[in-house]
Amino acid sequence: MTTSSSSSHNEEEMDDNHHHAIDLSVKIGSFVLPGDPIGKITDLKVRIGPGLSQNKDLINAIKPGFIKYSKIHKFYWVEGNQKRYEPAVEDMVVGIVLEKYGDNYKVDIDGSVPATLSILSFEGASRRNKLTIPNGAPIYARVAVANKDFEPEIVCVSQKNKADGYGELMGGFVFQVSIGHALSMMKPTCYLLKALGNITSFEIAVGMNGRVWINSANILDTISIANTIMVGEYLTPSQIDVILSKPW
Amino acid sequence: EMEAQAGLEREDGRNQQQMRPIMTELGLLVRADGSARFSQGKSTVLVAVYGPTEARKSAHIDRAVIDVIWRPRVGPSGYEDREKEGRLRTTLEQIILTSLHPRTCITLVVQVIQDDGSIMSAGMNACILALLDAGVPLASIAASVSFAVLPPSPHHHPRGFVVLDPCLSESEAALVEINLAYKRTREGAEVISCKAIGTMTDDLFFACVDVGQFASSKIFNFIRCALEEKA
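What counts and what doesn't
Residues numbered from 1 in each chain as written. Chains lettered and ligands numbered in written order. Predicted model: local features only at pLDDT ≥ 70, side-chain atom pairs only at ≥ 80, totals over all residues. Heavy atoms only, no water. Pairing = 2+ DSSP bridges. Helix = DSSP H or I, 4+ residues; strand = E, 2+ residues; numbered from the N terminus. Axes fitted to C-alpha atoms, helices over the stretch in contact; angles between N-to-C directions. Contact = heavy atoms within 4.5 Å. Buried area = accessible area lost by both parts, 1.4 Å probe. Salt bridge = Lys/Arg side-chain N within 4 Å of Asp/Glu carboxyl O. Nonpolar A, V, L, I, M, F, W, Y, C, P; charged D, E, K, R; others polar. Parallel < 35°, antiparallel > 145°, perpendicular 65-115°, else oblique. Left-handed = near helix turned anticlockwise from the far one by under 90°. Buried < 20%, exposed > 50% of the residue type's maximum accessible area, 1.4 Å probe, protein only. Core = buried A, V, L, I, M, F, W, Y, C linked by side-chain atoms within 4.5 Å. Phe/Tyr/Trp six-rings, centres within 6.5 Å; stacked < 30°, edge-to-face > 60°. Lys NZ or Arg CZ within 6 Å of the ring centre and 35° of its normal. Arc of directions from axis to C-beta. pLDDT = per-residue confidence, 0-100. 1 Å grid on protein atoms, 1.4 Å probe; cavity = no way out; pocket = protein on both sides within 12 Å on 5 of 7 lines; lining within 4 Å. Points joined across faces, edges and corners; volume = space filled by probe spheres on them.

This part covers the sheet that holds strand β15 (residues 173-176) of chain A. Residue and element names in this part refer to chain A. Pairing within the open sheet is antiparallel, and its three strands lie in the order β15-β17-β16. Pairing within the sheet leaves two strands with one partner each, and these edge strands are β15 and β16 (202-206). The average undirected angle you get between the axes of adjacent strands in this sheet is 20 degrees. Pairing geometry for β16 and strand β17 (residues 211-216), over five bridges, is antiparallel. Each residue of the ladder has a partner; that of Val206, found in β17, is Val212. Each of β15, β16 and β17 touches helix α3 (residues 219-231); the most contacted strand, β17, lies at about 150 degrees to it.

Shown next as structure tokens:
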């Protein structure tokens, strides 16, 4: 039921006294396939996340990946790698504005349907003070509404109604990586971005939908950084150093 | 009937209950959400999964629509390919959790690269691998196996016998062909799809179901290794 700590878990440290809310039949961090039984719920104060499905009190995996657990949030989920993004609330995404539809923008966030962004969801916006964003512009936004029955909705304000980095991204270049790579780049331990930062200066916005926006001083730098990020998904830190040591 | 003639060999040297070597490559198509190239011996199939994407006129309000396109190696697709598409779709509808993606469409394109028998099984196994590669939510994983009953021949098998995973020459000579798909359950494997052509006894059919259960559990382990390595 309890698991011992392992160096591969950088999510949470496990101590042997920890009481899990699920009577686990697999180890946290192990690989699971759809249909694998995960365990039985023993404590109702638990959150079952993406990749898991609940049937009365039994939990099954429905996606391939590694079982992860967050002690603070009592949250279980399956972390797998896929290309198509599934919008989830509180995710930060890089979207491309498709068109203006009345009082809303239709934004492509690489999910199954485009998301709506209200023109009032910006800091300091009101009926009289409206922001216009041209079609095709990239924006950084937060997913506010996402479930299987509705179109997802995004907003360009933080929870305290401040801009906080959200909004239109000026200039720069947008490209796509896999969801897993985007997630690893958002962690503070990402070696790739630190190593790039030591060589050149640039602005970056990583979306949990697998889209990355970068902006730097000139085009050559931008292209080089984009290429490095795209190939850097499976490279170890020493391999990254080798690539970056070549003349820029 | 299957145990009694366990010593008999087939053209390619396999024994009755032996499958050909299976191999797969995942995520090889850049533009598809998921893809898998799978081969059983020389029978090779490439499957691309697109979706879930926005569905228009064919949308259901409570679940995803599954669209299967089977492309033969040469020539335009005919009625036999339509039948394969229909069978794949009804089998996959039992595996894919379509209620998690209402008003969307999940498209699977199955391209036959080489057909050396058991191509329907290879197609179905490739579809499952491609769906796993794409991260489409599934209730469980599935696997498919095929059987053929070969006619008696004076030198090799005087009574005629059943083989697992027939190659093309064995299929063409077969009196009976059985194709089964299994879903992995807590107890083992459960048949979710079956097509049998020819005259056979109950015993023969259920013997095949049993051997198929064992063979599909091997395929399940293979699927696990393939996905774990990719991760």
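Once you've had a look at it, read on.
Quick look at the interface of chain A and chain B now. Opposite the 25 residues of chain A that make contact, chain B presents 33 residues. Buried area between chain A and chain B, both sides added, is near 2300 Å², and the carbon and sulfur share of it is 54%. Our count for the chain A to chain B interface comes out at three salt bridges. For Asp36(A), the salt bridge is made with Arg224(B), and the minimal N-O distance between the two is 3.0 Å. Sorting the residues of the side of chain A that touches chain B by element identifies β2 (31-32) and β6 (58-61) of chain A as the ones contributing at least two each. Here the side of chain A that touches chain B takes three residues from β6(A), the largest share from any one element. Residue classes in the side of chain A that touches chain B are distributed as 13 nonpolar, five polar and seven charged.

This part covers the packing of helix α1 (residues 79-93) of chain B against helix α2 (residues 119-134) of chain B. Residue and element names in this part refer to chain B. Where α1 meets α2, the axes come as close as 11 Å, and the angle between the chain directions of the two elements is 45 degrees. When the axis of α1 is compared with that of α2, the two are oblique. Classified by chirality, the crossing of α2 by α1 is right-handed. Contact with α1, carried on its side by Lys84, Arg87, Leu88, Thr91 and Leu92, involves Ile119, Met120, Met124, Cys127, Ile128 and Leu131 of α2 and no other residues of that element.

Residue and element names in this part refer to chain B. Per the counting criterion, the structure on display carries 20 salt bridges over all chains. Where Arg10 meets Glu170, a salt bridge forms, and the shortest distance between an N and an O atom there is 2.9 Å. Separated by 160 residues along the polypeptide, Arg10 in the segment before β1 (22-26) and Glu170 in helix α3 (residues 168-173) bring together distant segments of the chain. Using a relative accessible area of 6% as the deciding quantity, one classes Arg10 as buried. Residue Glu170 is classed as buried on the basis of its relative accessible area, which comes to 5%. One salt bridge connects Arg14 with Asp12, and the closest N-O pair in it is separated by 3.0 Å.

In terms of nonpolar packing, the biggest core is built from 60 residues, with Leu108(B), Leu131(B), Phe147(B) and Ile223(B) touching the most fellow members. Top element by residues in this core is α2(B). It accounts for twelve residues. Excluding its chain neighbours within four sequence positions, the residues that come into contact with Phe147(B) are Val162(B), Val163(B), Leu164(B), Pro166(B), Val176(B), Glu177(B), Ile178(B), Leu180(B), Cys208(B), Val211(B) and Gly212(B). If you look at the next biggest cluster of nonpolar residues, it comprises 25 residues, including Ile119(A), Cys156(A), Leu169(A) and Ala205(A).

A separate point is the packing of α2(B) against helix α4 (residues 202-230) of chain B. All names here are of chain B. Across the interface, α2 lies against α4 with an axial gap of 11 Å and an inter-helix angle of 30 degrees. Taken as axis vectors, α2 and α4 run roughly parallel relative to one another. Here α2 and α4 pass one another in a crossing that is right-handed. Counting all contacts with α2, which are made through Asn125, Ile128, Leu129, Leu132 and Asp133, the residues of α4 involved are Ile219, Ile223, Leu227 and Lys230.

Right, let's get into the side chain of Ser146(B). All names here are of chain B. Among the structural elements, Ser146 can be located in strand β6 (residues 142-150). Note on Ser146: relative accessible area 9%, which makes it buried. If we ignore the near neighbours within four places in the chain, the residues touching Ser146 are Ser118, Ser121, Val163, Leu164, Asp165, Pro166, Ile178 and Asn179.

Residues and elements named next belong to chain A. The final tally for this structure, using the stated rule, is seven aromatic pairs over all chains. Ring geometry for Tyr140 against Tyr166: centres 5.8 Å apart, planes inclined by 20 degrees, an arrangement best described as stacked. Separated by 26 residues along the polypeptide, Tyr140 in strand β12 (residues 138-145) and Tyr166 in the loop between β13 (153-155) and β14 (167-168) bring together distant segments of the chain. Tyr166 shares its class with Tyr140; the two are buried. Over the ring of Phe75 we find Arg47; its NZ or CZ atom is 4.7 Å from the centre of that ring.

Moving on, we get to helix α1 (residues 179-186) of chain A. All names here are of chain A. Among the residues of α1, Ile179, His181, Ala182 and Met185 are the ones counted as buried. The buried residues of α1 occupy one face: seen down the axis, they fall within an arc of 165 degrees. Looking at the buried positions of α1, the neighbouring elements they touch are α2 (191-199), β16, β17 and α3.

Here we take up the confidence of the model for chain B. Residue and element names in this part refer to chain B. Confidence in the prediction for chain B averages 91 pLDDT; 94% of positions are at 70 or higher. Across residues 1-6, where pLDDT falls below 50, the model places 14 contacts with residues more than four positions away in sequence or in other chains. The ipTM, which scores confidence in the relative placement of chains, is 0.86 for this predicted complex, and the corresponding pTM is 0.88.

With the exception of glycine, the majority of residues adopt a negative phi angle, and the majority of peptide bonds are in the trans configuration. Residue Pro52(B) is reached from Gly51(B) by a cis peptide bond, and omega for that bond is 0 degrees. In this model, Lys56(A) sits at a positive phi of 60 degrees, which is unusual for a non-glycine residue. The class of Lys56(A) is exposed, set by a relative accessible area of 74%. One non-glycine residue, Asp165(B), lies in the positive phi region at around 55 degrees.

Let's shift gears to empty space enclosed by the protein. Summed over all chains, the structure comprises one cavity of 30 Å³ or more. One number sums up the size of the largest cavity: a volume of about 50 Å³. Forming the walls of the largest cavity are Gln82(A), Arg84(A), Glu86(A), Gly51(B), Pro52(B), His101(B), Ala134(B), Gly135(B), Val136(B) and Pro137(B). Residues of the lining of the largest cavity, tallied by class, amount to four nonpolar, four polar and two charged.

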